[in-house]
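Residues per chain are reported as follows:
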Amino acid sequence: MNEIQGIGIGQGVAAGPVIRMAEPLPEPVDRPSHLDAAREEERAKASLAVVADELQRRGARAGGAAKDVLEAQAMMAEDPTLITDVVARLAEGKTAERAVYEAFASFRELLAGMGGYLGERAADLDDVSQRVVAHLLKVPAPGVPDPGHPFVLVARDLAPADTAVLDLEQVLALVTIDGGPTSHTAILAREQSIVAVVGAADAASLADGDQVLVDAEHDVVVVAPDEARLAEARERIAARKLAAEAPVTPGALADGTAVPLLANLGSVAGAAEALRLGAEGVGLFRTEFLFLDAERAPSITEQQEQYTKLLTEFAGKKVVVRVLDAGADKPLAFLNDAEEENPALGLRGIRALRHSETILREQLTALAAADAATEAELWVMAPMIATVEETRYFTALATELGIRTAGVMVEVPAAALLADRVLGACAFASIGTNDLTQYTMAADRLLGTVAQLQSPWHPAVLRLIEEVGAAGARTGTPVGICGEAAADPLLAVVLVGLGATSLSMSPSALADVRASLARYGLDDARAIARAALAAEGAADAKQAAVTAAASATAAREGAP
Ligand code: PEP
Ligand code: MG
């Protein structure tokens, strides 16, 4: 048995044979074609048509959001401007493979230069280009394989188009060589409850047919697992199934301490599922996700309509809405126009909104109007707050425009370090552990190369959370958690031990977290948190928490 380290997403475990995703094709050589241009044109057009057709068919089969992604890709393969460009390159004597490659690459440059949503579509173009070149070369298309039996997919990373069409009946687990815990693959895996280990560099050595056990809870991929290991995994799978079927009660510790469990949402569409899974409200509504494609700021009426729908779904419950968090990984065309060398450190979040205050005023106005027309309990918070002065600015403006409960996100270390003063100037705080980890560890959350530094288990991150929790207790201010950390069942216990008063997560994580909290009392949670805080690094902290949790459980069960 050999173990490959990575970063587990969620708590799942699954075993099966490896199938590797085909590596991207090499760049076609730029050499003169031995065929005439008319023949090459026929070849290129035929392959473009076949790929367009295939993408359409896959889209129709997949349905939902995947259908849109795949249909958009099919349209790329049929785009007349692109085809004209391919033909022009063929007239220069190039091969069909090279002409297709170059035409798509030049279009890609154009899109990538536009940044934001269109920039992200650039990766989809690469995927189409590779499919066409593979068809021309008569080699297997890159992308998700279809071996006809369940398998563990091992890939460098997945393109958005691949993740959108994963057949969850067949893909038992995902292992990626690149990609960090907040990469597209990780977020999708968490949303769809796919067992995944990302950033597992040594998985590059795995071959088709190797038997592996993917253990997300323990951040490893076990190669050729023995029977004992497999039996233990089967037990865990059965226990998780039981937890998922358990009645959806409100979140609470074993001693009855209430820990409301809330949902992270990016659109109203996820509301019904979140409620079904027992969300007691919304802890983070990412409003910027509603307007990623918008060229200009949405009107008050347009926004009010969306917010009213959301608040209506959650009538009688708490809903925490975050004002637009634009910039870095999610730029909005109407808020981020500056060219910045380091956008994660630039005019983003509250800074961008303050720079365009009319947009912020309009959003707060729309939220207040939706609140007045509905029965939910609306709380509104600002992202990327770094100073007490920014806190005062935001809460004053929100109050002026009719927001009853205004708070801030704590995701910049400066705000955590001065938490007593920041919390003294607002009604609540919510800790964004994704960015708090990124800024504490100086590790870009989008980069696989620094994925090992992006763990919220790091005691430096935990210590900052402790500062905020303690300030919350002193000032009587609620402190929620809304980063991915809250979705990790054991870390969730640690966070409560550090003073978090509510936890918000992808709805798919609610059952595991609910079951985990119910195993410990508040004293246990505090002891587990102390053990993690005393560690040297992220892995030690997690291990220390596992050990402390086991002794708490043993004490509870009256074992020696
Ligand atoms: C965070 O940073 O933890 C957070 C919840 O916000 P986002 O992931 O949207 O930046
Ligand atoms: Mg954030």
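These numbers were taken from a predicted model, which means no experiment stands behind them.

S.K.: Got a minute to help me understand the pairing of strand β7 (residues 211-215) in this structure?
M.R.: Along a regular strand, successive side chains alternate from one face of the sheet to the other. Of all the five residues making up β7, four are buried; the element is thus mostly covered by neighbouring parts of the structure. Here strand β3 (residues 13-20) runs beside β7; their pairing, made up of five bridges, is antiparallel. What sits directly across from V13, in β7, is D215. Pairing analysis gives four bridges linking β7 to strand β8 (residues 220-223), with the strands arranged antiparallel.

S.K.: Would you explain the pairing of strand β6 (residues 195-198) in this entry?
M.R.: Neither face of β6 is left uncovered, since the one carrying V195 and V197 and the one carrying A196 and V198 both have all their residues buried. Relative to β6, strand β2 (residues 7-9) runs antiparallel, the two being bridged by three bridges. Counted as the bridge partner of I7 is V198 from β6. Of the pairings in the sheet, the one linking strand β5 (residues 171-176) to β6 comprises three bridges and is parallel in character. Note that in β6 the partner of A173 across the bridge is V195.

S.K.: Is there a simple way to explain helix α17 (residues 459-475) in this structure?
M.R.: Note that an α-helix has 3.6 residues per turn; residues three or four places apart therefore point the same way. Over its 17 residues, α17 extends 24 Å from the first C-alpha to the last, a length consistent with the 24 Å expected when each residue adds 1.5 Å. Within α17, burial applies to P459, V461, L462, L464, I465, V468, G469, A471 and G472. Just downstream of α17, G476 is the residue with a positive phi angle, here 65°.

S.K.: What's the story with the coordination of the magnesium ion (ligand 2) in this structure? I'm lost.
M.R.: Ideal values differ by geometry: the angle at a metal is 109.5 degrees with four tetrahedral donors, but 90 or 180 degrees with six octahedral donors. Only E411 (OE) and D435 (OD) from the protein coordinate the magnesium ion (ligand 2), and they sit 2.0 to 2.2 Å from it. You can see E411 sitting in the loop between β13 (406-410) and α14 (413-417) and its partner D435 sitting in helix α16 (residues 433-441), a full 24 residues away along the chain. Of the two residues, E411 and D435, neither departs from the other in class, the shared state being buried.

S.K.: Would you mind going over the sheet that holds β13 with me for this structure?
M.R.: What links the strands of a sheet is backbone hydrogen bonding, and the strands pair in either a parallel or an antiparallel sense. Here we have eight strands rolled up into a closed barrel, ordered β9-β10-β11-β12-β13-β14-β15-β16, and parallel in their pairing. Across the sheet, the mean angle from the axis of one strand to that of its neighbour is 25°, orientation sign disregarded.

S.K.: What should I look at first to understand the state of the cysteines in this one?
M.R.: Two cysteines joined by a covalent bond between their sulfur atoms form a disulfide. With the rule as written, the count across this model stands at zero disulfides. With no disulfide of its own, C426 lies closest to C482 among cysteine sulfurs, the gap being 13 Å.

S.K.: Mind showing me how you'd approach helix α10 (residues 300-313) here?
M.R.: With 14 residues, α10 ought to run about 20 Å at 1.5 Å a step, and its terminal C-alpha atoms sit 20 Å apart, in line with that. Within α10, burial applies to Q303, Y307, L310 and L311. Taken around the axis of α10, the buried residues stretch over an arc of 95°, which confines them to a single face. Summarising the geometry of α10, the exposed residues directed more than 90 degrees from the buried face are T301 and E305. The secondary structure elements touched by the buried residues of α10 are β9 (261-265), β10 (281-286), β11 (318-322), α12 (357-373) and β12 (377-382).

S.K.: Please clarify how the sheet that holds β7 should be interpreted in this entry.
M.R.: The eight strands lie next to each other as β1-β8-β7-β3-β4-β5-β6-β2, forming an open sheet whose pairing is mixed. The outermost strands of the open sheet, each flanked by one partner alone, are β1 (2-5) and β2. Here the strands of the sheet are splayed against their neighbours by 30° on average, with no regard to which way each runs. Sheet strands touched by helix α8 (residues 227-245): β1, β3, β7 and β8. Its angle to β7, the strand with the most contacts, is close to 45°.

What counts, and where the lines are drawn
Residues numbered from 1 in each chain as written. Chains lettered and ligands numbered in written order. Predicted model: local features only at pLDDT ≥ 70, side-chain atom pairs only at ≥ 80, totals over all residues. Heavy atoms only, no water. Buried < 20%, exposed > 50% of the residue type's maximum accessible area, 1.4 Å probe, protein only. Helix = DSSP H or I, 4+ residues; strand = E, 2+ residues; numbered from the N terminus. Pairing = 2+ DSSP bridges. Expected span 1.5 Å × (residues − 1). Donors = N, O, S within 2.8 Å, 3.2 Å for Na, K, Ca; no water. Axes fitted to C-alpha atoms, helices over the stretch in contact; angles between N-to-C directions. Disulfide = S-S within 2.5 Å. Arc of directions from axis to C-beta. Contact = heavy atoms within 4.5 Å.

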